[in-house]
Amino acid sequence: MSIIDTVKQAATGMMVKLTPDAPPDPLIARKHGALGTSVPRIDGPRKVRGKAQFAAEVPAENMTYAALLYSTVARGRITALDTAATEAVPGVVFVMTHRNAPRLKPPALFQTDPRAAGASSLPVMQDAEIHWNGEPVAIVLAETQEQADHAKSLITVAYQAEPARLSFAEAATQSHQPPNVMGEPAMIQVGDAEAALAGAAFKVDLTFRTPRHSHAAIEPHAATVWWDGDQLVVHDTTQMLHQERWTLAGIFGIPEESIRILSPFVGGGFGGKGLWSHQILAVAASKLSGRPVRVALSREGVFRIAGGRTTTEQRVALGAKADGTLAALIHTGIVAMTEHNNCPEQFTFPARHLYAADAMLLEQRVAEMDMLANTFMRAPGESIGTFALETAMDELAEAMGIDPIELRRRLEPEKDPTSGHAFSSRNILEAYAKGAERFGWDKRSPVPRSRREGEWLVGMGVATATYPYYRMPGAAARVTLTRDGHARVAMASHEMGMGTATVQAQAGADRLGLPVENVTFEYGDTLLPAGTIAGGSSQTASIAAAVTAASAKLVADLLKRAGNDSPLAGLSADDVEARDGGLGHRDGGDRFESYASILGRAGLEEVSAEAEAPPPMEVMSYSMHSYGAQFCEARVNAVTGEVRVSRFLGSFDTGRILNPRNATSQFRGGIIMGLGLALMEETEFDERSGRVMNPSLAEYHVPVHLDVPEIDVIWTDIPDPHAPLGAHGIGEIGITGVGAAVANAIYSATGKRVRDLPITLDKLL
Ligand code: MOS
């Protein structure tokens, strides 16, 4: 089930009818408060002191440590498996293979049900079949990690290899349209785009290739699990707590209530911290051995069994009329995927919402391969889709002899070009204008290879960033007020380092009229009200909407308790606002009573309310997206082809900025990941064996400090009136457009177009 279907379903089940023109969140207009200020990260001190306990650090008595053995063929059957030598190793507690694994249901696949978390629907260790090179074939538990790792190396496995689909080019000849792409049609056609392209005054028709990427979060995947009778406890690093709980319950055939998952700290999650085979194997092995299990994947393990971004081949063809508007916009392509996962890499999504064009052809196709399931990775689709689309825009501007920013101005649509909806908030041209001024875009020469400083060729490039606004349905929050003027806001949500706990404490403080120091945000535990995934840059809005609902319920309850002796007597919830540690009349007059007084008179130490957010009708009614303009200055060594990004500026339009310090960090992090996408990241997939050949950070390159220049970040800070708090999530927009901004700067420096990521020096010589 898609996000949109889920929204529709949630909406039909609701008693309240929500109009899309519900009044904007009153907090948007509030000038004084915690929101909009750079409150330092609440989790920061614990992290820098080493006091934050991550999943692989949770202690347990009688702990065992797990090592996984990975298959070495891409497809086939295990014909022989000898674990005798392993079992004889001192310290080995238990060895599990498909022969003695418990019978498990296959994981429910993410997005087939809003409650599902499975990154793949393949059964885990249930028979001798092998589905990808790297699939776990054994799990060894021992008293120490070293014993487990050594013992694992003594297992011998023989395979009967079978023909596997390992060539992307070959698989692409059998490609098909997926039934949908994230709930949207796989193909959108407006008019006859090919004919319009043929007749266009200016045109480009280009092919782009993007490689596989692997997740390289600083914290590799890990879980510490144990059974307490029929109760299962999982300390995990996850961005989907309740979904993981529901999915594990289904796999093991136990009630959801008997599982508790805790995930207070996540050392980086970019879409990859979902439910993979290692948690399932650890839970099963713990059940059979009767011992707690810690499974901490090695870096190699992450490359073998936790998927990342898949490879694509994309075509972008643009045809412009003499006046510079678009006659044709074509963005089509093929991605590699398995038949067991659900991430078709929505690379055509930016083209669906960015530009006005008379005719459009946008189509996604899928080629099935025998490989590790691919999954979400920071702006899946949008990151690599904008690489193709925004490089093509640069090429079109050049063909037309106009500035690339001027081209964007001419193509600015009045309403969403494919949905026809009004934009909720779109200030993309302002972002361009502010960015161009700050970056000194006027100093860019339109002639490529025209600036040289010694050995270095210098160029500037620009590209559009864009990412959708999402809010997930079904999230509930609990708000608790105590008599001493403190509040706890609680939801089973996720802090992966992006500042969730801090920003939600700020939002809770303003919502309740309390100082931010008095508000605690509780998260990361399935015992809390069922929350939302940290995905699709949606978590901030999803939490805020639920907290708004719970706070409204709390205010109504407080008014009732305040009764007739209160200065608030006779006022309805609509008449009052939370301020200065209590409730007061909206007119700002002196009808006010503090929480301490209300609770004191009622004889209560604390009062709490829990509520679910209304369904996200705003996404059904408006075209809601974030935007940005990415500016890059690149230097290319004329002798060696080495690329150095020397300056970068991201100018964003993402609604209201809730915490400037956090936001700067999120935008910069996205841009840095974009530099990796542009210049270095590539998972080497050997098409003969299906093996990932560079499963380490020595060979899989990500940007290091010396690769990253000072990154300047600015924003419009214009609230979106249709979003809770006026804000859009900003976790993913930063990476979008970066690949193209870098590629366009490299072209400006060298006169060479590289349409095949990453742009390594061999491609520039
Ligand atoms: Mo993100 S790719 O939705 O964690």
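Residue indices begin from 1 for each chain and proceed along its sequence in written order. It should be noted that, the model being predicted, local features are given only for residues of pLDDT at least 70 and side-chain atom pairs only at 80 or more, the latter also being counted only at that level, while totals for whole chains, interfaces and linings use all residues. The side-chain figures draw on all heavy atoms in the structure; neither hydrogens nor water molecules are used.

Some thoughts on the sheet that holds strand 17 (residues 456–468)
Point 1. Two strands pair under a simple rule: DSSP has to find at least two bridges between them. Numbering of helices and strands runs from the N terminus, with a helix taken as a DSSP run of H or I at least four residues long and a strand as a DSSP run of E at least two residues long. Sheet architecture is open: five strands sit in the order 16-17-25-26-27, paired in mixed fashion. The open sheet has two free edges, formed respectively by strand 16 (452–453) and strand 27 (711–715), since each of these has just one partner strand.
Point 2. Here 13 bridges tie strand 17 to strand 25 (residues 625–637), and the two strands are oriented antiparallel to one another. Counterpart to Val458 in the pairing with strand 25 is Arg635.
Point 3. Any two residues having at least one pair of non-hydrogen atoms within 4.5 Å are treated as being in contact. A fitted line through C-alpha atoms serves as each axis, taken over the contacting stretch for helices, and the angle formed by two N-to-C directions is quoted from 0 to 180°. Against the sheet, helix 13 (residues 428–439) contacts strand 17, strand 25, strand 26 (643–653) and strand 27, and its axis sits at roughly 140 degrees relative to strand 26.

Examining the nonpolar core
Point 1. We call a set of buried Ala, Val, Leu, Ile, Met, Phe, Trp, Tyr and Cys residues a nonpolar core when their side-chain atoms join them within 4.5 Å. Only protein chains enter the accessibility calculation, which uses a 1.4 Å probe; a residue whose area is less than 20% of its type maximum is buried, one above 50% is exposed, and one in between is partly exposed. Among the nonpolar cores identified, the biggest contains 147 residues, and Phe252, Leu326, Phe631, Phe648 and Val742 are the most heavily contacted of them.
Point 2. Counting residues per element, this core draws most heavily on helix 11 (residues 382–400), at nine residues.
Point 3. Among the nonpolar cores identified, the runner-up in size contains 44 residues, and Ala475, Met491, Leu554 and Val576 belong to it.

Considerations on the confidence of the model for the protein chain
Point 1. As a per-residue quantity, pLDDT reports the predictor's confidence and falls between 0 and 100. Per-residue pLDDT for the protein chain averages 95, and the proportion of residues at 70 or more is 97%.
Point 2. Confidence drops under a pLDDT of 50 for residues 10–18, and excluding neighbours within four residues, the segment shows nine contacts in the predicted structure.

Digging into the side chain of Glu390
Point 1. One can find Glu390 in helix 11.
Point 2. At 2.6 Å, the side chain of Glu390 and the side chain of Tyr355 are in polar contact.
Point 3. Beyond its immediate sequence surroundings of up to four residues, Glu390 is in contact with Leu354, Tyr355, Arg408, Tyr432, Ala463, Thr464, Ala740 and Asn744. Each polar contact in these results corresponds to two N or O atoms within 3.5 Å; when the atoms are within protein, one needs to be able to donate a hydrogen and the other to accept it, and residues that are neighboring in sequence are counted only if both atoms are side-chain atoms.

Things to note about the pairing of strand 21 (residues 576–579)
Point 1. Sheet topology note: the strand 21/strand 22 (residues 582–585) ladder contains four bridges and is antiparallel. In the sheet register, Val576 faces strand 22, and the bridge partner there is His585.

Some points on helix 18 (residues 660–679)
Point 1. End to end, helix 18 covers 28 Å across 20 residues, agreeing with the expected 28 Å (1.5 Å per residue, within 8%).
Point 2. Within helix 18, 14 of the 20 residues are buried, which leaves it mostly tucked inside the rest of the structure.
Point 3. Where helix 18 starts, the residue carrying a side-chain oxygen 3.1 Å from the main-chain nitrogen of Arg661 turns out to be Asn659. To estimate the expected span of a helix, count its residues, drop one, and scale the result by 1.5 Å.

What to know about the environment of Gly739
Point 1. With respect to the helices and strands, the residue Gly739 is situated in helix 19 (residues 738–750).
Point 2. Between the alpha carbons of Gly739 and Glu390 there is a distance of 8.8 Å; along the sequence they are 349 residues apart.
Point 3. Look past the residues within four positions of Gly739 in its chain and what remains in contact with it is Phe387, Gly674, Leu677 and Ala678.

So, the domain arrangement of the protein chain
Point 1. Looking at the protein chain, the domain boundaries give domain 1 (55–163 + 218–268 + 273–305), domain 2 (187–213 + 309–470 + 620–763) and domain 3 (473–615).
Point 2. Its C-alpha centre places domain 2 at a distance of 39 Å from the equivalent point of domain 3.
Point 3. Between domain 2 and domain 3, the contact holds 13 residues from the first and 15 residues from the second.
Point 4. Both sides of the domain 2 and domain 3 interface together cover about 1100 Å² of buried area, and 57% of this is carbon and sulfur. Annotation comment: domain bounds sourced from an automatic or database domain assignment. Buried area: the sum, over both parts, of the accessible surface (1.4 Å probe) that disappears when the two are put together.

With respect to the sheet that holds strand 22
Point 1. Read across the open sheet, the three strands follow the order 21-22-23; overall the sheet is antiparallel. Of all strands in the sheet, those with a lone pairing partner are strand 21 and strand 23 (592–594), marking the two edges. Pairwise comparison of adjacent strand axes, ignoring direction, gives a mean angle of 20 degrees for this sheet.
Point 2. Inspection of the sheet shows strand 22 paired to strand 23 by three bridges, in the antiparallel sense. Pairing of Gly582 across the sheet is with Ser594, part of strand 23.
Point 3. Running at roughly 70 degrees to strand 23, helix 16 (residues 595–602) makes contact with strand 21, strand 22 and strand 23 of the sheet.

Considering the pairing of strand 17
Two faces belong to every sheet, and in a regular strand the side chains alternate between them.
Point 1. Burial runs high along strand 17: 12 of the 13 residues are buried.
Point 2. Where strand 16 lies against strand 17, two bridges are found, and the strand directions are antiparallel. Across the sheet, Arg452 pairs through a bridge with Leu457, a residue of strand 17.
Point 3. Hairpin geometry of strand 16 and strand 17 is characterised by an intervening segment of two residues between the two adjacent antiparallel strands and by a positive phi of about 65 degrees at Gly454.

Some words on the environment of Thr79
Point 1. Inspection of the secondary structure puts Thr79 in strand 2 (residues 76–82).
Point 2. When the C-alpha atoms of Thr79 and Arg115 are compared, they prove to be 37 Å apart, with 36 residues separating the residues in sequence.
Point 3. Every residue in contact with Thr79, bar those within four places of it in the chain, is listed here: Ala158, Tyr159 and Gln160.

A closer look at the pattern of salt bridges
In a structure, side chains of opposite charge can pair up when their charged atoms sit close to one another.
Point 1. A pairing counts as a salt bridge when a side-chain nitrogen of Lys or Arg comes within 4 Å of a carboxyl oxygen of Asp or Glu. The tally for this structure, following the rule as stated, stands at 50 salt bridges.
Point 2. The residue Arg315 makes a salt bridge to Glu194 at a minimum N-O spacing of 2.9 Å. With a gap of 121 residues between them, Arg315 in strand 13 (residues 312–320) and Glu194 in helix 6 (residues 193–198) connect regions that are remote in the sequence.
Point 3. Two residues, Glu633 and Arg647, come together in a salt bridge whose shortest N-O distance is 3.3 Å. Residue Glu633 is found in strand 25, and its partner Arg647 is found in strand 26; the two are separated by 14 residues along the sequence.

A closer look at the packing of helix 7 (residues 241–252) against helix 8 (residues 277–289)
Point 1. Where helix 7 meets helix 8, the closest approach of the two axes is 11 Å, and the angle between their N-to-C directions is 50 degrees. In this view, helix 7 runs oblique relative to helix 8, as classed from their interaxial angle. Handedness of the helix 7/helix 8 crossing: right-handed. When helix 7 is examined against helix 8, the residues Glu244, Leu248, Ile251 and Phe252 are found in contact with a partner set consisting of Gln279, Ile280, Val283 and Ala284. In what follows, roughly perpendicular refers to angles from 65 to 115 degrees, roughly parallel to angles under 35, roughly antiparallel to angles over 145, and oblique to any angle outside these ranges. By definition, turning the near helix anticlockwise from the far helix through less than a right angle yields a left-handed crossing, and turning it clockwise yields a right-handed one.

Side note on unusual backbone geometry
Point 1. Across the junction of Leu757 and Pro758, the peptide omega takes the value -10 degrees, indicating a cis bond.
Point 2. Structurally, Pro758 is set in the segment after helix 19.
Point 3. Phi at Arg449 takes a positive value of approximately 55 degrees, unusual for a residue other than glycine.
Point 4. Here Arg449 shows up in the loop between helix 13 and strand 16.
Point 5. One non-glycine residue, Asp717, lies in positive phi territory at about 60 degrees.
Point 6. Following the sequence through the fold, Asp717 ends up in the loop between strand 27 and helix 19.
Point 7. Under the relative-accessibility criterion, Asp717 is labelled partly exposed at 36%.

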